[in-house]
Amino acid sequence: MVFPERFSNLPVATWPRLRALLDAPTQASDVINMTIGEPRHAFPAFVGDILAANLKGFNSYPSNDGQDDLLTAMGGFLKRRYGLDVPNAQIIALNGTREGLYNAAMALSPETKNGQKPAILSPNPFYPVYGVAALSVAADPIYVPATESSGHLPDLDAISSDVLDRTTIAYICSPTNPQGAVADEAYWRKVITLAETHDFQVFSDECYSEIYRESPPPGALQVAKDMGADPERVVIFQSLSKRSNLPGLRCGFAAGGPKSIARIKQLRAFAGTPLPGPLQDVATKVWDDEAHVEENRNLYRQKYQIADQIFADVPGYQSPEAGFFLWLPVDDSEKAALKLWQETGVKTLPGAYISKDVDGENPGKNYIRVAMVAPTQEMQRGLTLIRDCLYG
């Protein structure tokens, strides 16, 4: 039996790797899990009623691209949030954005670029699907450092012209996971200008866009439109997981140029898994409602303030602009995460597990990622334990 080699160099996945690291006894009697970005705030109260009223929909095959009313609701969100008029034909519902981020590369990355093997850019640190998507389309994953010196955004100046000339896709996440940095309009203009100059597409992962302090982060489609860029230049990805505390609903969407979305839909008609009809009914109402989003955002604003107070005297602490992660400086991410677990029962994620060694440097090795998703009192207790254990 011969198996493909394209995935032979994949590291152990993040969560099995973490379980192995923390497979040790702890002195604590109580465990506080701050590893995964799984929102624990309440989702909208109307979700259960809508689901119950539409249970008969489980008797029917669902719409693969998304029901018209769902696509209209998604378009309504884009209009309210970014002032965009995106027709339903240029939106596709996704069974969670991870499958969209992966399958869009399958649908849109060409086999060669300028006669060379294609390259796909990923931030470093990263969401792991970016690099796996690159390998799946036989492209070189290029991990672009996103460190303090570049504002925790991918350092565009670090990419050579030779790489840009064979780049087919650049994954950009804003607000960033894990650092909580925001790509401002000037940064987006620079990314899109590079994409126009070197003829590649920008895949904008905007799943954390609705969790922020004061000013809403700009969106890539919004900036591309203002620039008059090629309508096919940008594809954005959105989700209800963080915005509405519904990670289990698995509802996201992609929006972009008509040709790009048509190609994604064509592939997904063969290889995609549609969102069940009753869940599409729920998602329609959730995308239409902003009141619960503001309530959720206010809870995170309180959490930002708590974190800033707890870590005010910690050297190197940077308060996130958006999102719900803290990216805390440590000497060694694995040692720090293990120490926390053994001494306090607090679970965190070593930054090295979501970063890659490039030229001997791993931009996550001196950080731990801390998810502020637990109820406020539990989160406050966990952050205090972290401070006292690692920085006391």
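Structure: see above.
Here the structure is a predicted model, which is why all the values come from computation and not from measurement. (Residues numbered from 1 in each chain as written. Predicted model: local features only at pLDDT ≥ 70, side-chain atom pairs only at ≥ 80, totals over all residues. Heavy atoms only, no water.)

Participant: Is there a simple way to explain the sheet that holds strand E5 (residues 167–173) in this structure?
Facilitator: Across the sheet, which stays open at both edges, the 7 strands sit in the order E2-E8-E7-E6-E5-E3-E4 with mixed pairing between neighbours. Two strands in the sheet have a free side with no partner beyond their single neighbour: strand E2 (91–94) and strand E4 (140–145). Across the sheet, the axes of successive neighbouring strands diverge by a mean angle of 20 degrees, strand direction being ignored. Taken together, the 6 bridges between strand E3 (residues 119–124) and E4 define a ladder with parallel strand orientation. What sits directly across from Pro 123, in E4, is Val 144. Those strands touched by helix H5 (residues 129–136) are E3, E4, E5 and strand E6 (201–205), and its axis lies near 150 degrees from that of E4. (Pairing = 2+ DSSP bridges. Helix = DSSP H or I, 4+ residues; strand = E, 2+ residues; numbered from the N terminus. Axes fitted to C-alpha atoms, helices over the stretch in contact; angles between N-to-C directions. Contact = heavy atoms within 4.5 Å.)

Participant: Can you walk me through helix H13 (residues 333–344) in this structure?
Facilitator: Given 3.6 residues per helical turn, the α-helix brings residues three or four places apart onto the same face. Counted at 1.5 Å a residue, the expected span for H13 with its 12 residues is 16 Å, and the 16 Å between its end C-alpha atoms agrees. Listing the buried residues of H13 in full gives Ser 333, Ala 336, Ala 337, Leu 340, Trp 341 and Thr 344. Along the axis of H13, the buried positions cluster into a sector of 130 degrees, meaning they face one direction only. For H13, the secondary structure elements touched by its buried residues are helix H1 (14–21), strand E10 (346–347), strand E11 (349–350), strand E12 (367–371) and helix H14 (376–390). At the N-terminal end of H13, a side-chain oxygen is found 3.1 Å from the backbone nitrogen of Glu 334, two or three residues along, and the residue is Asp 332. (Expected span 1.5 Å × (residues − 1). Buried < 20%, exposed > 50% of the residue type's maximum accessible area, 1.4 Å probe, protein only. Arc of directions from axis to C-beta. Polar contact = N/O pair within 3.5 Å; in protein donor to acceptor, adjacent residues only side chain to side chain.)

Participant: Hey, could you run me through the side chain of Ser 333 in this one?
Facilitator: You can see Ser 333 is positioned in helix H13. Ser 333 sits in the buried class, given a relative accessible area of 1%. A distance of 3.4 Å separates a polar side-chain atom of Ser 333 from the backbone nitrogen of Ala 352. Residues in contact with Ser 333, not counting those within four places in the same chain, are Pro 350, Gly 351, Ala 352, Gly 364, Lys 365, Tyr 367 and Ile 368.

Participant: Would you explain empty space enclosed by the protein in this entry?
Facilitator: Unfilled space is identified by rolling a water-sized probe across the atoms. One pass over the full model with this rule turns up 2 cavities of 30 Å³ or more. Estimates place the volume of the largest cavity at around 80 Å³. Lining the largest cavity are 14 residues, with Leu 121, Leu 156, Ile 159, Ala 170 and Ile 172 sitting closest to its centre. Put simply, the parts of the chain that give the lining of the largest cavity at least two residues each are E3, E5 and helix H7 (185–198). (1 Å grid on protein atoms, 1.4 Å probe; cavity = no way out; pocket = protein on both sides within 12 Å on 5 of 7 lines; lining within 4 Å. Points joined across faces, edges and corners; volume = space filled by probe spheres on them.)

Participant: Would you take a moment to explain the packing of H7 against helix H8 (residues 220–227) for this structure?
Facilitator: Close contact between H7 and H8 brings their axes to 10 Å; oriented N to C, the two are set at 70 degrees. On the basis of their axis angle, the class for H7 and H8 is roughly perpendicular. As for how H7 packs across H8, the hand of that crossing is right-handed. Side by side, H7 and H8 meet where Glu 185, Trp 188, Arg 189, Ile 192 and Thr 193 of the first sit next to Ala 220, Val 223, Ala 224, Asp 226 and Met 227 of the second. (Parallel < 35°, antiparallel > 145°, perpendicular 65-115°, else oblique. Left-handed = near helix turned anticlockwise from the far one by under 90°.)

Participant: Explain the sheet that holds strand E9 (residues 325–329) to me, please; I cannot follow it from the model alone.
Facilitator: Within a sheet, each strand pairs with its neighbour through backbone hydrogen bonds, oriented either parallel or antiparallel. Strand order in the open sheet formed by 3 strands is E9-E12-E11, and the pairing between neighbours is antiparallel. A strand with exactly one partner marks an edge of an open sheet, and here the two such strands are E9 and E11. In terms of strand pairing, E9 meets E12 through 5 bridges, oriented antiparallel. The partner of Leu 326 across the bridge, within E12, is Val 370.

Participant: So what exactly am I meant to see when it comes to the packing of aromatic side chains here?
Facilitator: The description of two aromatic rings rests on the distance between their centres and on the angle between their planes. Across all of its chains, the model carries 16 aromatic pairs by this definition. A ring pair is formed by Tyr 208 and Phe 324, whose centres lie 5.4 Å apart and whose planes are at 80 degrees; its orientation type is edge-to-face. You can see Tyr 208 sitting in the loop between E6 and H8 and its partner Phe 324 sitting in the loop between helix H12 (291–310) and E9, a full 116 residues away along the chain. Residue Tyr 208 is classed as buried on the basis of its relative accessible area, which comes to 7%. Since its relative accessible area comes to 0%, Phe 324 is described here as buried. Every member of this aromatic cluster is reached through a ring pair, and the members are Tyr 127, Tyr 130, Tyr 171, Phe 203 and Phe 237. (Phe/Tyr/Trp six-rings, centres within 6.5 Å; stacked < 30°, edge-to-face > 60°.)

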